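# Results of the structural survey
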Amino acid sequence: MTDVYIAVAIAEIVIGGLLLVRLARGPSVCDRVVALNTLSTQATLSLLFYSAFADRSIDLDVAIWLAAFSYLGTLIWARFLERGLL
Amino acid sequence: MTGFWVLDYLCLAAILTAAVLVLRLPSLSSAVMAVSAMGTVLSLLFVVLGAPDDAHAEVVVGAIALPALFLIAIGKVRTDVHDRGDLGEREDL
């Protein structure tokens, strides 16, 4: 079962690599913001599955922080793109 | 245990890719987004290597606070500089 957990964690990082490609090639800035937010979500999921693989429940705190603050980061981006200044 | 090393090297490859993107992307806001992506994956690498307290600091500082500070600085500069070529940016981005 732990093989499944680490395989899912690796697959999420591979998806993160695809999202980095979208962040590099995205024609508009909206594509890049969405790619960045999705990358944070994929990192959170990978972290959850890695903590299940390594059986360390203290890593779940980092997943909670990452989920909460990736939302805040996207909010900052939206405000910056709307006004040009925070 | 090989899965651990695969995850480790994949995180390293993603961090290197994001760092190269910071240097190569033509617009300033896209480079700041690449900085944020690098901080996110770096926090994941900290967790994989067994340092969740460093990962806490990296999530807050590297993924959110540092890009926000860069955004504030770029926004303040843009209010003074009207020709975006002076910032080293392309006009169409």
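First, a word on scope: everything that follows refers to the structure included in this document.

What counts and what doesn't
- Residues numbered from 1 in each chain as written.
- Chains lettered and ligands numbered in written order.
- Predicted model: local features only at pLDDT ≥ 70, side-chain atom pairs only at ≥ 80, totals over all residues.
- Heavy atoms only, no water.
- Contact = heavy atoms within 4.5 Å.
- Buried area = accessible area lost by both parts, 1.4 Å probe.
- Polar contact = N/O pair within 3.5 Å; in protein donor to acceptor, adjacent residues only side chain to side chain.
- Helix = DSSP H or I, 4+ residues; strand = E, 2+ residues; numbered from the N terminus.
- Nonpolar A, V, L, I, M, F, W, Y, C, P; charged D, E, K, R; others polar.
- Expected span 1.5 Å × (residues − 1).
- Buried < 20%, exposed > 50% of the residue type's maximum accessible area, 1.4 Å probe, protein only.

### Focus on the interface of chain A and chain B
Counting residues at the interface gives 35 residues for chain A and 40 residues for chain B. Of the roughly 3,200 Å² buried where chain A meets chain B, counting both sides, 85% is carbon and sulfur surface. Looking only at chain A, the three residues that lose the most surface to chain B are Ile13(A), Leu20(A) and Trp77(A), adding up to 17% of its buried area. Between chain A and chain B we count three residue pairs in polar contact (both at pLDDT 80 or more) in total. Mapped by element, the contributors of at least two residues to the side of chain A that touches chain B are α1 (2-25), α2 (29-54) and α3 (59-83) of chain A. In terms of residue count, the dominant contributor to the side of chain A that touches chain B is α3(A) (11 residues). Taken together, the residues that form the side of chain A that touches chain B break down as 26 nonpolar, five polar and four charged.

### Thoughts on helix α2 (residues 28-48) of chain B
All names here are of chain B. Helix length check: α2, at 21 residues, gives a terminal C-alpha distance of 30 Å against a target of 30 Å (1.5 Å per residue), a fit within 8%. Extensive coverage of α2 is indicated by the burial of 17 of its 21 residues. A positive backbone phi angle near 90 degrees is found at glycine 50, which sits one or two residues after α2.

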